[in-house]
2 protein chains.
Amino acid sequence: MLYNVRQIESTLRQRGYKITPQRRAIVRAITGCREHLTPAEIYGRVRREHPGIGLVTVYRTLETLAGLGLICETHAGGSCRSYLVRRPAGHHHHLICSDCGTVIDFTDCDLAGLERRLAREKRFRISGHLLEFVGQCRTCREAAGI
Amino acid sequence: MLYNVRQIESTLRQRGYKITPQRRAIVRAITGCREHLTPAEIYGRVRREHPGIGLVTVYRTLETLAGLGLICETHAGGSCRSYLVRRPAGHHHHLICSDCGTVIDFTDCDLAGLERRLAREKRFRISGHLLEFVGQCRTCREAAGI
DNA sequence: ATCGCTGCAAACTGTTTGCAAGTGG
DNA sequence: CCACTTGCAAACAGTTTGCAGCGAT
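What comes next concerns the included structure. Worth saying up front: this structure is predicted, and the values here are computed from it rather than measured. (Residues numbered from 1 in each chain as written. Chains lettered and ligands numbered in written order. Predicted model: local features only at pLDDT ≥ 70, side-chain atom pairs only at ≥ 80, totals over all residues. Heavy atoms only, no water.)

A word on the overall build of chain A. Scanning chain A for helices and strands turns up six helices and five strands. In chain A, the succession of helices and strands from N to C terminus is α-α-α-α-β-β-β-β-α-β-α. Counting across all 146 residues of chain A, residues that qualify as buried make up 41%. Taking all contacts inside chain A whose residues are at least 6 apart in sequence as the whole, residues at least 24 apart take part in 50%. (Helix = DSSP H or I, 4+ residues; strand = E, 2+ residues; numbered from the N terminus. Buried < 20%, exposed > 50% of the residue type's maximum accessible area, 1.4 Å probe, protein only. Contact = heavy atoms within 4.5 Å.)

As structure tokens, then:
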């Protein structure tokens, strides 16, 4: 359901991008984490196993991966900074835990009816939507209950 | 439905904030515009009639107004920068024109069913959601058609 | 008269760019 | 071997903070 390291590297190769140790490490960091990560967080993780890497490389790789649709950016959750997650193919939305940051994807949003009505009433040609639910995941709720 | 200058100033006064010419100008700029405005845009507009004002004052006033719930921030629309609009009281969503930036508010989102299902399936306690539609408004569509 | 507000300058954070050197295919 | 990639430094953009003086109440 989610892209894995192999698929991402394969896509990069197909598109003529080179597979460098840095890119490999960045891809591994993103795919190996269930939460949204900021560029700085990704940099921190990658640096553990690849100390010489530059933050600039992280930014450039994220831009490349996002451009290929292999990862995606989100902007919700209070801070305006751009977050990144690995991405399931196609249209999807996020369910975000406000405590631990875990992100669960879901695809069936059933907004077609609302979209049609808004398009008619407001005379918009609607091209897309952003839907995110925020709440507390089971683990955090139980942890808080203790 | 939307807060006007008088209501905002009244709220500020009630909460012990002073009504200065700068704050008045900022409030007027925000309420007098149907689009989302960045802090820099607000600064630009306010400066026309109040040249001496500082960008810092704009930021501080926006923070105050947002804290009182009189305006709200949004983060959608490509650029991650925080946009601000005057806000209708209560729960609402945005319909944003990707060309001119016009924002139309709507309130009935009918997501209760989806929210219940997600809460059950993913075991989340859902506390809120963010829903934004992006498209082309009538004016821009017609302008593009020419 | 008082305390909050303003504006300047400067610090800070996050992101992008120019360029020389390094390296994957 | 060569174009793509990297990493440094520096530029940039947006936002926040310290502080002295001003002004709304």
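Moving on, we come to the protein's contact with DNA strand C. Within the structure, DNA strand C sits among 20 residues, and Tyr59(A), Thr20(B), Gln22(B), Thr57(B) and Arg60(B) are positioned closest to it. Backbone atoms, meaning sugar plus phosphate, form 63% of the atoms of DNA strand C positioned within 4 Å of the protein. Note that a base nitrogen of DNA strand C is positioned 3.1 Å from one of the side-chain N or O atoms of Lys18(A). Note that a phosphate oxygen of DNA strand C is positioned 2.7 Å from one of the side-chain N or O atoms of Thr20(B). Listed by contribution, the elements that provide at least two residues to the surface near DNA strand C are helix H4 (55-67) of chain A together with helix H2 (21-31) and helix H4 (55-67) of chain B. In terms of residue class, the surface near DNA strand C is made up of eight nonpolar, six polar and six charged. (Near = heavy atom within 4 Å. Polar contact = N/O pair within 3.5 Å; in protein donor to acceptor, adjacent residues only side chain to side chain. Nonpolar A, V, L, I, M, F, W, Y, C, P; charged D, E, K, R; others polar.)

Our focus in this paragraph is the protein's contact with DNA strand D. Contacts to DNA strand D come from 21 residues, most closely from Thr20(A), Arg23(A), Thr57(A), Arg60(A) and Tyr59(B). For DNA strand D, the backbone makes up 65% of the atoms found within 4 Å of the protein, where backbone means sugar plus phosphate. Here a sugar or linking oxygen of DNA strand D and a side-chain polar atom of Gln22(A) are 2.9 Å apart. Lys18(B) places a side-chain nitrogen or oxygen 3.3 Å from a base nitrogen of DNA strand D. Of all the secondary-structure elements, those providing two or more residues to the surface near DNA strand D are helix H2 (21-31) and H4 of chain A together with H4 of chain B. Looking at which element gives the most residues to the surface near DNA strand D, the answer is H4(B), with four residues. Split into classes, the residues belonging to the surface near DNA strand D amount to nine nonpolar, six polar and six charged.

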